[in-house]
There are 2 protein chains.
Amino acid sequence: MQMSYVRETSAGYLTNWAARLFARAIERRLAGGNSGPMPVFFALQDGGAMTQKALAQLAAVEQPTMANTLNRMERDGLVLRTPDPNDRRSAQVSLTPLGRERAKAAFVSAIEVNRIATDALKPEEREVFYDMLRRIIGALERDAGTE
Amino acid sequence: MQMSYVRETSAGYLTNWAARLFARAIERRLAGGNSGPMPVFFALQDGGAMTQKALAQLAAVEQPTMANTLNRMERDGLVLRTPDPNDRRSAQVSLTPLGRERAKAAFVSAIEVNRIATDALKPEEREVFYDMLRRIIGALERDAGTE
DNA sequence: CTCATTTGCATAGCTTGCTATTTAAATCCA
DNA sequence: TGGATTTAAATAGCAAGCTATGCAAATGAG
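Because the structure is a prediction, the values reported are computed rather than measured.

What counts and what doesn't
Residues numbered from 1 in each chain as written. Chains lettered and ligands numbered in written order. Predicted model: local features only at pLDDT ≥ 70, side-chain atom pairs only at ≥ 80, totals over all residues. Heavy atoms only, no water. Near = heavy atom within 4 Å. Polar contact = N/O pair within 3.5 Å; in protein donor to acceptor, adjacent residues only side chain to side chain. Helix = DSSP H or I, 4+ residues; strand = E, 2+ residues; numbered from the N terminus. Nonpolar A, V, L, I, M, F, W, Y, C, P; charged D, E, K, R; others polar.

A. Structural view of the protein's contact with DNA strand C. Near DNA strand C there are 26 residues, and of these A:Q63, A:R89, A:S90, B:G36 and B:R72 occur at the shortest range. Backbone atoms, meaning sugar and phosphate, make up 71% of the atoms of DNA strand C lying within 4 Å of the protein. Residue A:K53 places a side-chain N or O atom 2.9 Å away from a phosphate oxygen belonging to DNA strand C. Within the side chain of B:T65, a nitrogen or oxygen atom sits 2.8 Å from a phosphate oxygen of DNA strand C. Considering every element that reaches the surface near DNA strand C, the biggest residue donor is helix α5 (residues 63-75) of chain B, with four residues. The residue inventory of the surface near DNA strand C, partitioned by class, reads five nonpolar, 10 polar and 11 charged.

Spelled out as structure tokens, the structure:
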């Protein structure tokens, strides 16, 4: 039956499934928090500030996606948008004290979930897994670039 | 800097990134089509019919998610819901001729993208990669089960 | 200096995913 | 048999992702 082929050896299917499980596992631990702000937390945790564009690039999402994420985070008091005096189109985004607090909690949860997941791998397999994923990401980004 | 730690060795981050790239790569090839119906296509491609619940379980998504996907597919003329005479709460879902046509195209695209992605791995690594992903999925499902 | 182009964000509108809740049919048990 | 429970699906409402498009500020070319 084709379905078993797909379920077992479709990299896209398995990757999507794993990604949803990762997100839900983190969200279950955050009690009300979501996993969307995670890349922003990681980028700004040390007190730095950067533009929406830079955040989108770090998070590897499109600009409107990051705009929406930052809107929700601003609404929830997690980030601050400070107008850039040198470029009136742009703003520097930084974490509020509440944002830094949430970032720490999110970091703890992410590390715990990462450990639970990679405990399913032998220690010597873990770096291999990351490397394989990075190579697959590279191949798909190259494919996207050469439409 | 913590960000590079996250980008390079957070399994959740890398998995989410790869999953989005897979979906976009398939969608780019489908010209207007989306990747959401894929699990339904795979499950019903041979002319079979099953309930929404069974489809949700095969696709590993929640029931309302599958309900929405089937609503869109029904709207687009891809599936048919046939009321079950033995259980008036339930319907058997099957592909229309157009649905089977789209399923074939989606299958071709999925296989091509899968090939492009796994070409980044050595042949002997591919089964290892699937196996690792399956083990990680198992670990995260166990974690979800034991809240 | 002015106008065309580029750039940074915002907005609109869609899909896919989730949780929580509701509705109605089927089933179970006393 | 009749009420309680379970089950299948629908609905509401939100997050996070995308593409396409619009707008205003900055930049560059003549």
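We are not done yet, so read on.
B. Looking closely at the protein's contact with DNA strand D. Taken together, 26 residues lie near DNA strand D, and A:G36, A:T65, B:Q52, B:Q63 and B:R89 sit nearest. The sugar and phosphate moieties of DNA strand D supply 74% of its atoms located within 4 Å of the protein. B:Q52 has a polar side-chain atom sitting 2.8 Å from a phosphate oxygen of DNA strand D. When residues of the surface near DNA strand D are traced back to their parent elements, those giving at least two are α5 (63-75) of chain A together with α2 (11-30), α4 (52-59) and α5 of chain B. In terms of residue class, the surface near DNA strand D is built from five nonpolar, 10 polar and 11 charged.

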